[in-house]
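# Per-entry structural report
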Amino acid sequence: MKKVLRAMLRNPGGMIGLIILLIAVCIAVFGPMVFPNSPWRMAQRPFVPPFTLPTVPLGTDALGRDVLAGIIYGARVSLLVGLVSTLAALTVGVPLGAMAGYFGGRADDALMRFTEFFQTVPSFALAIVLVAVLQPSIYSIVAAIAIVSWPPVARLVRGEVLSLRTREYVQAAVVTGQSNTWIICREILPNALSPVIVLASLMVATAILLESSLSFLGLGDPNLISWGYMVGAGRTVIRQAWWITVFPGVAILLSVLALNLIGEGLNDALNPRLAKDGR
Amino acid sequence: MLSFIAQRIVKGVIVLLAIIVLNFFLIRLAPGDPAVVMAGEAGASDQIFVQQLREKFGLDRPLPEQLFLYVKGILSFDLGFSFRQQMPVSTLILERLPATLLLTGTAFVISLVLGIFFGALAARWAGTWADTLITVLALIFYATPLFWVALMAILLFSVALDWLPSFGYETVGANYMGFAHILDVAAHLILPALTIGLFFMATYARMTRASMLEVKRLDFVKTARAKGLGDNLIQRRHVLRNALLPVVTLAGLQAGTLIGGAVLTETVFAWPGIGRLMYDALLQRDYNLLLGVFVVCSAMVLVFNLVTDLIYRLVDPRIEFAS
């Protein structure tokens with residue numbers, strides 16, 4: 001673990017990503033303490049341009065709400081949804097993939113057809129339909145993102161398990177009479193972890209993009225402010241007030257970029273052989 | 001070959017049926033009794049009318065029978081009725097389909113051509129400033145939300161520079177004919193197509209670059225170099241050609257994502273395609289229309305995947321037909 005961290009720190013991209021993400025996490029955790037005012041509250045007159053009033057440094061929107069406060073509170077929603085939906089996707093994808101790879105045969109066939117089905121269906125369209133039908137809320141958004149993003153996890157884990165299953169130490173575990181569950185959880189999965197970690201960091205990025213796209217279309221949780229919602233709300237007045245759409249968009253861009261950089265950095269750190277060749 | 005095609009078509013039909021069944025249950029998950037919702041949408045809600053609707057749409061029958069009727073209906077392209085728009089869902093979708101095909105098709109070609117071009121450029125000059133610039137830009141565009149790119153494009157090219165129109169399919173009321181009409185549509189197409197294209201361009205550029213650097217190390221490239229072939233020729237004929245296969249594979253799998261991109265882009269640019277239709281259905285909570293668009297999108301993705309699958313088999317003889 002220490003070695004991985006050190007390799008990460010040597011990778012300039014990964015380092016930048018880590019710094020941006022740390023800032024975003026700090027904003028999400030501590031921001032609301034510094035900024036106790038609700039982002040829904042009217043802070044000033046509408047359409048205050050940015051960098052003109054010290055109380056609202058990034059300006060106000062069409063209803064006089066503070067754009068900076070929105071970005072600070074929105075960080076919570078974006079990061080939380082990204083993290084939780086990825087964890088949910090992992091709890092579906094990892095066991096399914098492990099079972100398919102370990103048991104093979106019919107089980108593998110059936111599970112992989114099931115996975116393929118979810119990979120064929122256009123994911124964003126399915127997410128829209130799911131959230132619309134289940135009614136927009138933080139729970140339905142997390143569920144929809146998890147449902148459309150678990151298939152790559154299952155496929156990856158299956159591939160890893162398939163190749164690890166025939167290793168001698170796994171066969172030794174079989175000979176000593178360990179149960180299948182024990183072998184999968186204790187012998188195989190820990191060794192399949194590193195590609196899953198890389199994929200997971202990229203999935204958090206995709207989940208943030210998905211959440212912002214859903215909120216942009218008006219499918220966000222109506223009680224929580226989010227970056228996508230802010231861009232969507234500022235869209236109609238973009239000609240008068242560019243800042244309402246520009247700043248939240250930059251926030252999304254930076255967080256997603258940071259996570260992608262971390263994913264690549266992790267990939268290089270965990271697979272040093274590939275990294276050297278790729279550059 | 002024929003048996004392979006037949007196999008793939010059968011598989012596609014099974015997936016399509018599964019999607020239709022999923023859709024059926026999603027409609028039933030939608031809030032409210034469908035008959036009451038429909039009655040409300042039609043502007044009346046007395047008991048007799050609701051009962052009539054139930055009978056008309058078979059909602060009073062047992063669930064398996066309803067499912068059977070639903071599947072039968074969809075297979076004859078009856079996707080239900082949109083009470084909000086007072087039109088059959090299939091008519092609405094067919095009306096909007098050409099615009100979406102034009103938009104996604106253009107975006108697909110732009111992104112593939114430019115993506116491969118820039119990716120090859122970056123791989124060719126790996127380690128130089130050109131490579132760094134392309135890699136960084138690709139990384140940024142890959143992380144930018146599509147709807148935001150669309151809005152920034154409008155801010156820059158329509159509001160600030162006033163070069164291109166920011167919404168719609170053609171200039172309303174201009175009634176251009178012939179070539180002038182084509183030019184008018186093209187001007188409206190540029191921004192939305194580039195918006196979708198940019199994200200995919202970034203994807204393909206990254207993939208092409210990585211794939212080319214990988215192929216470059218293979219033995220046959222050394223052989224070509226030993227034969228005394230020029231560097232440009234090796235890059236083009238030997239490296240790029242072999243590196244393209246994974247890129248094309250990836251592109252073939254992007255159809256679904258392309259549709260997702262179309263929903264966001266068409267919404268921002270008011271492009272009259274099925275993506276915008278989906279957004280309108282969403283705003284009005286028109287579930288019949290929403291799910292109809294979803295089924296059609298899924299079917300389109302299926303067909304696209306099938307076609308790309310066949311093309312591979314033709315392009316790359318190493319892939320066996322039997323598998």
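### Some points on the overall build of chain A
When its secondary structure is counted, chain A shows 13 helices and zero strands. The N-to-C order of helical and strand elements in chain A reads α-α-α-α-α-α-α-α-α-α-α-α-α. With respect to the principal axes defined by its C-alpha atoms, chain A has extents near 75 × 45 × 35 Å. Counting the 279 residues in chain A, one finds 49% classified as buried.

### Here we look at the overall build of chain B
Across its full length, chain B holds 13 helices and two strands. A principal-axis box enclosing the C-alpha atoms of chain B has dimensions of 85 × 55 × 35 Å. Classification of the 323 residues of chain B by burial places 37% in the buried group. Partitioning the contacts of chain B with sequence separation of at least 6, the portion at a separation of at least 24 is 70%.

### Here's the deal with the nonpolar core
Within the largest apolar cluster, 164 residues are counted, with the highest numbers of intra-cluster contacts made by Ala127, Ile128 and Val129 of chain A together with Ala150, Met278, Leu290 and Val293 of chain B. Looking at this core, the element that brings in the most residues is helix α3 (residues 67-103) of chain A, giving 16 residues. Not counting residues up to four positions away in its chain, the partners in contact with Ile128 of chain A are Leu214, Leu217 and Leu219 of chain A together with Val263, Met278 and Leu282 of chain B.

### Side note on the interface of chain B and chain A
Counting from both sides, the interface comprises 40 residues of chain B and, opposite them, 34 residues of chain A. For the side of chain B that touches chain A, the elements supplying multiple residues, two or more each, are α1 (2-29), α6 (129-143), α7 (146-160), α8 (178-216), α11 (255-269), α12 (274-283) and α13 (287-315) of chain B. Ranked by the residues each element gives to the side of chain B that touches chain A, the list is headed by α13 of chain B, at eight residues. For the side of chain B that touches chain A, the per-class residue count stands at 33 nonpolar, six polar and one charged.

### A few points about the packing of helix α5 (residues 123-134) of chain A against α11 of chain B
Each packed pair of helices is defined by two parameters, the angle between the axes and the distance between the axes. In contact at an axis separation of 6 Å, α5 of chain A and α11 of chain B are set at 55° when each is read in the N-to-C sense. Classified by the angle their axes make, α5 of chain A and α11 of chain B are oblique. Between α5 of chain A and α11 of chain B, the residues in contact are Ser123, Phe124, Ala125 and Ile128 of chain A and Gly256, Ile259, Gly260 and Val263 of chain B, respectively. For the contact of α5 of chain A with α11 of chain B, the residue count by class is five nonpolar, three polar and no charged.

### A look at unusual backbone geometry
For Phe51 of chain A, which is not a glycine, the phi torsion comes out positive at approximately 60°. The exposure class assigned to Phe51 of chain A is exposed, which follows from the 11 C-beta atoms found within 10 Å.

### As for the confidence of the model for chain A
Residues and elements named next belong to chain A. Averaged over chain A, the pLDDT score is 87; the fraction of residues at 70 or greater is 97%. Across chain A, the element-wise mean pLDDT spans from 49 in helix α13 (residues 272-278) up to 94 in helix α6 (residues 138-149). Counting contacts from residues 275-279, a segment whose pLDDT is below 50, to residues more than four positions away or on other chains yields four contacts.

### Notes on the confidence of the model for chain B
Residue and element names in this part refer to chain B. Within chain B, residue pLDDT values average 82, and 92% of them lie at 70 or more. The element-level mean pLDDT for chain B is lowest in helix α2 (residues 34-42), coming to 66, with helix α5 (residues 89-124) highest at 90. What the predictor reports for the complex is a pTM of 0.88 with an ipTM of 0.87.

### Details of α6 of chain A
Compared with an ideal rise of 1.5 Å per residue, which puts 12 residues at 16 Å, α6 of chain A spans 17 Å between its outermost C-alpha atoms and is within 8% of the ideal. On its buried face, α6 of chain A is in contact with α3, α5 and α10 (193-216) of chain A.

### Some points on the environment of Leu79 of chain B
Residue and element names in this part refer to chain B. If you trace the backbone, Leu79 turns up in the loop between α4 (63-75) and β1 (81-82). Look at Leu79 and you get buried, because 22 C-beta atoms sit within 10 Å. Considering only alpha carbons, one finds Leu79 and Thr308, 229 residues apart in sequence, at a separation of 27 Å. Those residues in contact with Leu79 that lie beyond four places of it in its chain are Ile74, Val89, Ser90, Gly292 and Val295.

### Side note on the packing of α5 of chain A against α6 of chain A
Residue and element names in this part refer to chain A. With their axes 9 Å apart at the nearest point, α5 and α6 run at an angle of 150° to one another. By the criterion of interaxial angle, the relationship of α5 to α6 is roughly antiparallel. Two packed elements cross with a definite hand, and for α5 against α6 that hand is right-handed. Here Ser123, Leu126, Ala127, Leu130, Val131 and Leu134 of α5 lie close against α6, whose contacting residues are Ser140, Ile141, Ala144, Ile145, Ile147 and Val148.

### Details of the environment of Ile128 of chain A
Along the chain, Ile128 of chain A falls in helix α5. Along the chain, Ile128 of chain A and Leu210 of chain A lie 82 residues apart, while their C-alpha atoms are 9.8 Å from each other.

### As for the environment of Leu114 of chain B
Here Leu114 of chain B lies in helix α5. Sequence separation between Leu114 of chain B and Ala143 of chain B is 29 residues; the distance between their C-alpha atoms is 18 Å.

### What about α5 of chain A?
Residues and elements named next belong to chain A. Relative to the 16 Å expected for 12 residues at 1.5 Å per residue, α5 spans 16 Å between its end C-alpha atoms, a close match to the ideal helical length. With 11 of its 12 residues buried, α5 lies for the most part within the structure. For α5, the full list of buried residues reads Ser123, Phe124, Ala125, Leu126, Ala127, Ile128, Val129, Leu130, Val131, Ala132 and Val133. Positioned one or two residues after α5, Gln135 has a phi angle of 75°, which is positive.

Rules used in this analysis
- Residues numbered from 1 in each chain as written.
- Chains lettered and ligands numbered in written order.
- Predicted model: local features only at pLDDT ≥ 70, side-chain atom pairs only at ≥ 80, totals over all residues.
- Helix = DSSP H or I, 4+ residues; strand = E, 2+ residues; numbered from the N terminus.
- Buried ≥ 20, exposed ≤ 12 C-beta atoms within 10 Å, placed from the backbone.
- Contact = placed C-beta atoms within 7 Å.
- Core = buried A, V, L, I, M, F, W, Y, C linked by C-beta atoms within 7 Å.
- Nonpolar A, V, L, I, M, F, W, Y, C, P; charged D, E, K, R; others polar.
- Axes fitted to C-alpha atoms, helices over the stretch in contact; angles between N-to-C directions.
- Parallel < 35°, antiparallel > 145°, perpendicular 65-115°, else oblique.
- pLDDT = per-residue confidence, 0-100.
- Expected span 1.5 Å × (residues − 1).
- Left-handed = near helix turned anticlockwise from the far one by under 90°.

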